[in-house]
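One letter stands for each residue in the lines below.
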Amino acid sequence: MKTKKKGFFYHLYKYRVFLLMLLPGVAYTLLFHYYPMTGIVLAFKKYTYAGGIWGSKWNGVDNFKFFFKSGQALRVIRNTVLYNMLFIVVGTVFQIAVAVFLTEIKSRRFRKIAQSCMFLPHFISWVIVGVMAFNIFSSDFGIINRLITSLGGKKIPFYTKPSAWPGILLFFNIWKGIGYGSVMYLAAIMGVDTEVYESAAIDGANVFQRIFFVTIPAIMPTVIILFLLSIGGIFRGNFDMFSNLVGSNGLLYGYTDVIDTLAFRALMTSNDFGMSSAIGFMQSVMCFITVVSANKLVSLYDRDYTLF
Amino acid sequence: MKKSIRKLAALILALALGMALLTGCTGDGKQDESKALETTAKADSGEKEDADTKADEGQSEEQPAGSDLPEETITMYLLGNKGDNFDEAYGKINEILKEKINTTVNVQWIGWGEGNKYSLLFSSGEDFEMIFTASQWGNYENTVALGGFAELTEEMLQKYAPDVWEQWPAEAWQQAKINGKIYMIPANYVEVNQDVVAIRGDLMKKYGYDNIDSYDKLLSFYEDCYKDGMYGNSVGAASVYWLMFEHLGMYAMGGTPCQGQLVLYNCKDPKDLSYTYVLEWQPFIDYCHKMKELADAGCWPSDVLNTTSERQDGLVSGRGATMVWNAGSCQIYANQANAEHPDWEINLYNIMPECKYRATRYVNGGVGFNAASKKLDRALMVYNEFATNPEIQNLAQLGIEGVNYINVGDGTYKSTGNDFGGGSFWGWRNMNIMLKTYYENPTPVDLKVEELDKFFKENLYETHLLDSFTFNTEPVATQVAAVDAVQSTYFDPLINGLVEDVDATIEEFKAALDYAGMQDILAELQKQIDEYKAAN
Amino acid sequence: MKSSAKTASKNKITGADVIALNIIAYAFCALIALVCLIPFVMVVSGSLSSERAITENGFSILPQEFSTEAYKTVFKDPWVVVRAYATTICLTIVGTFTGLIIQTMTAYVLTRKTFGWRRYFSFFFYFTMLFSGGLVPTYVLYTNTLKLTNNYLALLLPLVFGVYNLLVMKSYIQGIPDSLIDAAKMDGCGEFRILFQIVMPLVKPALATIGLFTALAYWNDWNSAMLYIRDEKMYPLQYFLYQQVNNIEGYKKLIASNLVSGDVISAVSLPTQTLKLALTCVVTGPIVLAFPIAQRYFVQGITIGAVKG
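For every chain, the first residue of the written sequence is number 1, and numbering continues from 1 along that sequence. A letter from A marks each chain and a number from 1 marks each ligand, given out in the order of writing. Local features in a predicted model are, by the rule used here, given only for residues with pLDDT of at least 70; side-chain atom pairs are given and counted only at 80 or more, and totals for whole chains, interfaces and linings are based on all residues. Hydrogens and water are ignored here; the side-chain numbers use all heavy atoms of the structure.

Thoughts on the overall build of chain C
We apply this condition: To qualify as a helix, a DSSP run of H or I must reach at least 4 residues; to qualify as a strand, a run of E must reach at least 2; elements of each kind are numbered from the N terminus. All accessible-area figures derive from a Shrake-Rupley calculation using a 1.4 Å probe, and residue coverage is judged against the displayed protein chains alone.
Secondary structure summary: chain C contains 17 helices and 0 strands in total. Of the roughly 12200 Å² of accessible surface on chain C, a fraction of 68% belongs to carbon and sulfur atoms.

Re the environment of Leu376 of chain B
Residues and elements named next belong to chain B. We count it as follows: Per-residue accessibility, obtained with a 1.4 Å probe over protein chains only, is compared with the maximum for each type, and a residue is labelled buried under 20%, exposed over 50%, and partly exposed between these values. A contact between two residues is defined here by any heavy atoms of the two lying within 4.5 Å.
Along the chain, the position of Leu376 falls in helix H14 (residues 376-388). Its relative accessible area of 11% is what places Leu376 among the buried residues. Residues Leu376 and Glu129, spaced 247 residues apart in sequence, show a C-alpha to C-alpha distance of 6.8 Å. Those residues in contact with Leu376 that lie beyond four places of it in its chain are Ala150, Met156, Phe369 and Asn370.

Regarding the packing of helix H9 (residues 165-190) of chain A against helix H2 (residues 16-47) of chain C
Here is the rule: Between the N-to-C directions of two axes lies an angle of 0 to 180 degrees, each axis being a line fitted to C-alpha atoms and, for a helix, fitted only over the stretch in contact. Note on terminology: angles under 35 degrees are roughly parallel, angles over 145 are roughly antiparallel, angles of 65 to 115 are roughly perpendicular, and the others are oblique. Side-chain classes are defined by residue name, with Ala, Val, Leu, Ile, Met, Phe, Trp, Tyr, Cys and Pro counting as nonpolar, Asp, Glu, Lys and Arg as charged, and the others, Gly among them, as polar.
Put simply, H9 of chain A and H2 of chain C touch, their axes get as near as 10 Å, and they point 95° apart. Here H9 of chain A is positioned roughly perpendicular relative to H2 of chain C, judged by the angle of their axes. Touching Phe171, Trp175 and Ile178 of chain A of H9 of chain A are Ile32, Val35, Cys36 and Pro39 of chain C, all from H2 of chain C. Residues belonging to the contact of H9 of chain A with H2 of chain C are distributed by class as follows: 7 nonpolar, no polar and no charged.

Overview of the interface of chain A and chain C
Selection rule: Note: buried area is the sum, over both parts, of the accessible area (probe 1.4 Å) each one loses when the two are combined. Each reported salt bridge corresponds to a side-chain nitrogen of Lys or Arg within 4 Å of a carboxyl oxygen of Asp or Glu. In the analysis that follows, any N or O atom pair within 3.5 Å is treated as a polar contact, provided that within protein one partner can donate a hydrogen and the other can accept it, and provided that, for residues neighboring in sequence, both atoms belong to side chains.
Contacts between the two partners involve 104 residues from chain A and, on the opposite side, 105 residues from chain C. At the boundary of chain A with chain C, total buried surface from both sides reaches about 9500 Å², with 74% on carbon and sulfur atoms. It is Phe18, Met21 and Phe123 of chain A that lose the most area in chain A upon contact with chain C, and together they represent 8% of the buried surface on that side. Linking chain A with chain C are 0 salt bridges, by the criterion used here. Put simply, chain A and chain C have 17 residue pairs in polar contact (both at pLDDT 80 or more) between them. Broken down by element, the side of chain A that touches chain C gets its largest block of residues, 16 residues, from helix H2 (residues 16-34) of chain A.

What about the nonpolar core?
Residues and elements named next belong to chain B. Put simply, the rule reads: Joining through side-chain atoms within 4.5 Å is the link that ties buried Ala, Val, Leu, Ile, Met, Phe, Trp, Tyr and Cys residues into a set, and such a set is a nonpolar core. Boundaries between domains were set according to an automatic or database domain assignment.
In terms of nonpolar packing, the biggest core is built from 380 residues, with Tyr90, Phe221, Phe284, Phe386 and Trp428 touching the most fellow members. Looking at which domains feed residues into this core, each of domain 1 (36-190 + 363-398) and domain 2 (195-356 + 443-535) supplies at least three. When residues no more than four places from it in sequence are discounted, the contact partners of Tyr90 are Met76, Leu78, Val105, Val107, Phe386, Ala396 and Trp428.

Some remarks on the environment of Ile102 of chain C
Structurally, the position occupied by Ile102 of chain C is in helix H5 (residues 78-111). As for Ile102 of chain C and Phe161 of chain C, which are separated by 59 residues in sequence, their C-alpha atoms are 7.1 Å apart. Setting aside residues up to four positions removed in sequence, Ile102 of chain C forms contacts with Pro24 and Gly25 of chain A together with Phe161 of chain C.

Considerations on empty space enclosed by the protein
Rules: Both cavities and pockets are sets of points on a 1 Å grid over the protein atoms alone; in a cavity a 1.4 Å probe fits but cannot get out, in a pocket the set is open with protein on both sides within 12 Å along at least five of seven lines, and lining residues sit with an atom within 4 Å of a point. Grid points are joined across faces, edges and corners, and a volume is the space filled by probe spheres set on the points.
Applying the stated rule across the entire model yields 10 cavities of 30 Å³ or more. The calculated volume of the largest cavity comes to roughly 180 Å³. Lining the largest cavity are 16 residues, with Phe141 of chain A together with Ser234, Thr307, Ser309 and Arg319 of chain B sitting closest to its centre. Broken down by secondary-structure element, the contributors of at least two residues to the lining of the largest cavity are helix H12 (313-317) of chain B together with helix H3 (51-57) of chain C. Examining the composition of the lining of the largest cavity, we find that 3 residues originate from one element, H12 of chain B, more than from any other. Of the residues contributing to the lining of the largest cavity, the split by class is 4 nonpolar, 7 polar and 5 charged.

Here's the deal with the sheet that holds strand E11 (residues 322-326) of chain B
Backbone-to-backbone hydrogen bonds pair the strands of a sheet. The strands run either parallel or antiparallel. Residues and elements named next belong to chain B. Operational definition: Two strands form a pair only when DSSP identifies at least two bridges running between them.
Taken in spatial order, the 3 strands make up an open sheet running E11-E7-E12, and their pairing is antiparallel. A single partner strand is all that each edge strand has here, and the edge strands are E11 and strand E12 (347-349). Across the sheet, the axes of successive neighbouring strands diverge by a mean angle of 35°, strand direction being ignored. Alignment of strand E7 (residues 195-199) against E11, held across 5 bridges, turns out to be antiparallel. Residue pairing in the sheet places Ile199 in a bridge with Thr322 of E11. Taken strand by strand, helix H13 (residues 327-340) contacts E7, E11 and E12, and its axis lies near 140° from that of E11.

Some remarks on the sheet that holds strand E2 (residues 103-110) of chain B
Residue and element names in this part refer to chain B. Strand order in the open sheet formed by 5 strands is E2-E1-E3-E13-E6, and the pairing between neighbours is mixed. The open sheet has two edge strands, E2 and strand E6 (184-186), and neither has a second partner. Within the sheet, the average angular offset between the axes of one strand and its neighbour, ignoring direction, is 25°. Against the sheet, helix H2 (residues 86-101) touches strand E1 (72-79) and E2, its axis set at about 145° to E2. In this fold helix H3 (residues 116-123) packs onto E1, E2 and strand E3 (130-133), with an angle of close to 145° to the strand it touches most, E3.

Considering the pairing of strand E15 (residues 412-415) of chain B
Residue and element names in this part refer to chain B. As paired strands, strand E14 (residues 405-409) and E15 are joined by 4 bridges and run antiparallel to one another. Considered in E15, the bridge of Ile406 is made with Lys414. Between E14 and E15, which pair antiparallel and follow one another directly, the connecting turn spans 2 residues, one of which, Asp410, has a positive phi of 60°. Summarising the sheet, E15 and strand E16 (residues 436-437) pair through 2 bridges and their orientation is parallel. Looking across to E16, one finds that Tyr413 is bridged to Thr437.

Let's talk about the pairing of E2 of chain B
Residue and element names in this part refer to chain B. Filter applied, for reference: Orienting the strands away from the viewer, one traces the path from the first strand over the helix to the second; a clockwise path indicates a right-handed crossover.
Most of E2 is tucked away, with 6 of its 8 residues classed as buried. Pairing geometry for E1 and E2, over 8 bridges, is parallel. Within E2, the residue paired with Leu78 across the bridge is Trp109. What joins E1 to E2 is H2, and the crossover it makes is right-handed.

Quick notes on the pattern of salt bridges
Residue and element names in this part refer to chain B. For the coordinates displayed, the defined rule picks out 29 salt bridges over all chains. Between Lys292 and Asp296 there is a salt bridge, and its shortest N-O distance comes to 3.2 Å. On the criterion of helical spacing, the pair formed by Lys292 and Asp296 is a turn pair, its members being 4 residues apart in helix H11 (residues 282-297). What makes Asp296 exposed here is its relative accessible area of 54%. The salt bridge involving Lys527 is made with Glu524; its shortest N-O contact spans 3.7 Å. In this pair, Lys527 and Glu524 are both assigned in helix H19 (residues 518-535), 3 residues apart and thus about one turn of the helix distant. Judged by relative accessible area, which is 44%, Lys527 ranks as partly exposed. In this structure Glu524 comes out as buried when scored by relative accessible area, which is 12%.

A closer look at the confidence of the model for chain C
All names here are of chain C. Operational definition: Known as pLDDT, the predictor's per-residue confidence is scaled from 0 to 100.
The predicted model of chain C has a mean per-residue pLDDT of 84, with 87% of residues at 70 or higher. Here helix H1 (residues 5-11) is the element of chain C with the lowest mean pLDDT, 45, and helix H8 (residues 153-156) is the one with the highest, 95. Residue range residues 1-13 is modelled with pLDDT below 50. Its contacts to residues more than four positions away, or to other chains, number 21 contacts. pLDDT under 50 marks residues 305-309. Its contacts with residues more than four places away, or in other chains, come to 5 contacts. Across the assembled chains, the prediction reports ipTM 0.90 with pTM 0.87.

Here's what the structure looks like:
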């Protein structure tokens, strides 16, 4: 291409309209994201009020040490990644299924009502979800155990049984995000040109073939972008969810402790800015590496689907 | 090649845009830095000078009367929320302050549970003078470690808060000291927050107990309750845990990790300056075994660690036979439950009558002064008024007479039910002038509370040197964070008797704590105790 | 009506496959909708129950010991609540519109193949999702550098430009065939005109979605108010309610841990569980009413053909 040989200022001029359109977003990002990003140095400093971000003394990697010294670093990293993978895969499948099925349903009233209902969990805070979960799973007056005992069965002590928790956490995670997530896929399906469907119908494909060969490929860019965006948080645990459902029940930690809950417990009393920055920074770096690799993989498939 | 040129171009563009945008902000940023430097300098050397010059000013005026002082506004942060008539009450306070010291107080709030706002105030260089603080739970040690509070010298206190300096006991100042320096004015207030047990009288009769006056009797009562299909204590053993070591005369060492649950000292013997690490302490191990027995028997639900119930819920709802809490709280709920179920005959019991008791520390509430403030002198004068002027004390504590409370005379008051709010009004409490609660038609529970309160106050431990000691976690911050992270994995299940194998769990717990650096912490603790001993 | 074009097209073929799919679709969606609805019904009933009943028996489908105590606590001073509602509604409307325009405009540029620097800028934006300076520098920026304490801008700015929304928007715009934009370009349309007259109408479902997300973010935000607003008159709804609950809870917690003696009886007897539930209802109510407005766009498709013609 000819343009590639041209200089920077040529491009600056050529892209002037684009750059003008980008200006608000770029200005915002520089001011509100890049400017405070200097705070990352706190991860390597012994913070004091008087010194502030710049004046505080450097302390090398001291702030990172507590995480590994806890002896639970590997366990919480493993839990965080496994939970997130589970949530991403199962959540995506459910959200796409709901979106696809909703578009196939003819009754508009049913569609609207069903979708409105699915949005409701989004508004129930994790604190309340935690109380509800206790109402369902508690050994005394939990709904499940009351049912079991009334049928003459033996109580299941969910709160002393760690292996039950990946399933419970998965359920609540999907439940809470299904309305929100499926809307994104619905919007993508709605953006698909109707003519494509018509031509598929004429070709004699049945509905299932149409879903798998027309609808799903058509929303693939959205699926991949959302997947990459979730991958970008794979080392971050949803603190609100874990802390409200599991609480401080040490018996369950083997299966439920994630990086964020561990860091919270460690820093709750000392409130150490340096150490919390350090944990955040470590998570950022691990996510960064993961997402850059994933992005690279996607770009081998199709560059248009990538995040950057 | 081409690629890298493009990359460079993009980078330059981004930088150019950034520069254009940030010119405005960098200016401010620099100012911030220089400001920060200034304050560091002040913290290092200037502060004393500052105080000295102010002292000179004060001297020239002699007895500062309100009209002579320049007008000032003092910003004070409280924790919590303001209730009814708060602004009205502070309007009255400001009238008095205006006349006496030409000052107006402006109150700002940090809600309960908005803890990180506390440190953000100091980080951002917010302009304020006074803030509520308390040892441990009220950020006192943290803030001092980060250089947030101004040091209060004896001269300053004598000069600007003379009444406080005179009236406050030496012990209060002693407790406020960190590395020999005072950074807060503690409230002149102590109470005996001893846990007692509220027990269902009807059940005691049923199982044949005249009185429950020992720890062992309480535990056997729990077992009797279970046999009858009732929880002894519906929130588990966590509340009983403290009673366990308190009845042996052991108390948590101030400032140690995990709210002091792992390291105790012996209150019975003032000469005993050693610490006790609970994992190597036989009574703790026995306790864990006993709790396992009770938990297995079903004295509390197996999911206590997740329960949303509060301490009183079991007792009030009839699902539990007892509740463990301080006398004041037990009193509220025992009265409530008795009113609804007179046949329950709940009363309060002290399960350690042969023991002595410990009062709370003065530093459990106080006021800290912002190191960056330039109006320290005036802020101290304001504190002096709040703490020693009965009129202001009552306004700030109870609200408006006749509206929020009624002065019954004899130094007692009655609440009218108009909520003055749940704020941290405790920073300037002064036992000498505070009004006390008046009970109109005392119930048996009320009488018992009064009796217990009197008994506790008459049987206090001698002052122990370690009462005023607070462990400084700074040198072992990494280890403390790691230990805090590990603790609840084992500790909470252990003390509630929920583990499979007590001995194996204790061993595992010990190994995990050692890996996290518990031994370093204990060594540092010993070192600090030795230094403390030498200094006092 | 173009709205029913998509469903109508499916009606043409009716076979066993369609019936099977319909059964699965109805059953699946109905089941999920029910699982989502029941807990919310419990929240509503719980908010109308007495605090005692909730702590003793847990949640149920129907209110137990009917009581409006929690709502009385929330609406103790009704005008304050009305003002908080007004603040939140204004904030949500202004924020959503500004946000949508900036986000869509940026997303559009990032999809244009003729813009050679689009990948660098995408990275420039995405990077901020991974790395952030944390609470302290952001707080200092808002309060100290920009002096936005007690300024509505402090509530507006933190959510006006979300990178997540931006990238999702980008993926939607990517679905528009390039030929359409190229054709417009040939006709002499400028980029702004293409964006507003061709792209925007084509991505209405996406605009509705991102608009909804932005609106929800504003609606649910209490954090900015907690950090930057001191004047009670300026509290948005969520923070007003949040701090009510939090104050009671925090105070109870202090008393529970024996740090403060229980000499303030009033705080102890206040409802917290039911208050939390009532709060959820008060917050969700208007959204449930407003939801169908946005819903119109993502339960019915649009045809590119219709726009083309």
